[in-house]
Amino acid sequence: MTQPVTIIMIEDDEGHARLIERNIRRSGVNNEIIPFANGTDAVKHLFGSDGSGLVQKGNALLILLDLNLPDMTGIDILKQIKENKYLKASPVVVLTTTDDSQEIKRCYELGCNVYITKPVNYENFANAIRQLGLFFSVIQVPPAAS
């Protein structure tokens with residue numbers, strides 16, 4: 001039996017976080033979503049108190065990551081995730097307002113699985129998230145390494 005996937009949402013804009021969760025739900029995804037409004041709390045959760053990531057061993061995670069956080073960059077978090085033996089297989093979806101081609105290239109080089117630029121228009125943003133939710137409903141996510 002496959003373990004249910006937990007969605008870790010790292011998004012500092014409360015309005016965006018609500019919109020993301022609401023539209024993921026509207027697309028029929030009922031997985032647990034754990035929201036974080038800053039990188040520090042997200043990193044503590046992902047890597048545990050010892051910083052090793054062992055706390056996630058065997059967990060199936062999908063990480064939604066904003067790049068522009070108040071306390072650290074999403075790039076730094078992405079790099080830590082992809083360098084960690086327990087977390088590196090977890091899919092990371094970068095969901096940000098940044099559409100700089102160098103930033104996009106860097107995220108893919110560091111191992112992000114999907115890079116989505118948040119549309120400025122509310123309806124387009126909501127639609128993009130619903131489509132992302134449909135994507136979540138069909139992808140397979142491996143558990144963190146043992």
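Residues numbered from 1 in each chain as written. Predicted model: local features only at pLDDT ≥ 70, side-chain atom pairs only at ≥ 80, totals over all residues. Heavy atoms only, no water.

Identification of the chain as Response regulator from Bradyrhizobium japonicum is taken from an unreviewed UniProt entry.

Trainee: Please clarify how the packing of helix 2 (residues 39-47) against helix 3 (residues 74-83) should be interpreted in this entry.
Mentor: The angle between the axes and the distance between the axes are what describe a pair of packed helices. Packing of helix 2 against helix 3 leaves a shortest axis separation of 11 Å and a crossing angle of 5°. Looking at the two axes, helix 2 sits roughly parallel to helix 3. Contact residues: Gly 39, Val 43, Leu 46 and Phe 47 in helix 2; Ile 77, Gln 80 and Ile 81 in helix 3. When its residues are assigned to classes, the contact of helix 2 with helix 3 shows five nonpolar, two polar and no charged. (Axes fitted to C-alpha atoms, helices over the stretch in contact; angles between N-to-C directions. Helix = DSSP H or I, 4+ residues; strand = E, 2+ residues; numbered from the N terminus. Parallel < 35°, antiparallel > 145°, perpendicular 65-115°, else oblique. Contact = heavy atoms within 4.5 Å. Nonpolar A, V, L, I, M, F, W, Y, C, P; charged D, E, K, R; others polar.)

Trainee: Explain the environment of Lys 105 to me, please; I cannot follow it from the model alone.
Mentor: Here Lys 105 is to be found in helix 4 (residues 101-110). Overall, the relative accessible area of 47% leaves Lys 105 in the partly exposed class. Note: C-alpha distance between Lys 105 and Ile 34 (71 residues apart in sequence) is 27 Å. (Buried < 20%, exposed > 50% of the residue type's maximum accessible area, 1.4 Å probe, protein only.)

Trainee: Explain the environment of Tyr 86 here, please?
Mentor: Tracing the backbone through its elements, the reader meets Tyr 86 in the loop between helix 3 and strand 4 (92-96). With 74 residues separating them in the primary sequence, Tyr 86 and Asp 12 have C-alpha atoms 25 Å apart.

Trainee: Explain the UniProt feature "domain: Response regulatory" (unreviewed entry) in the chain here, please?
Mentor: Following the UniProt record, the feature "domain: Response regulatory" (unreviewed entry) maps to residues 6-133 here. Between the end C-alpha atoms of residues 6-133 there is a gap of 13 Å, over a span that is 42% helix and 18% strand. (UniProt positions renumbered as here; feature names shortened; annotations may be inferred.)

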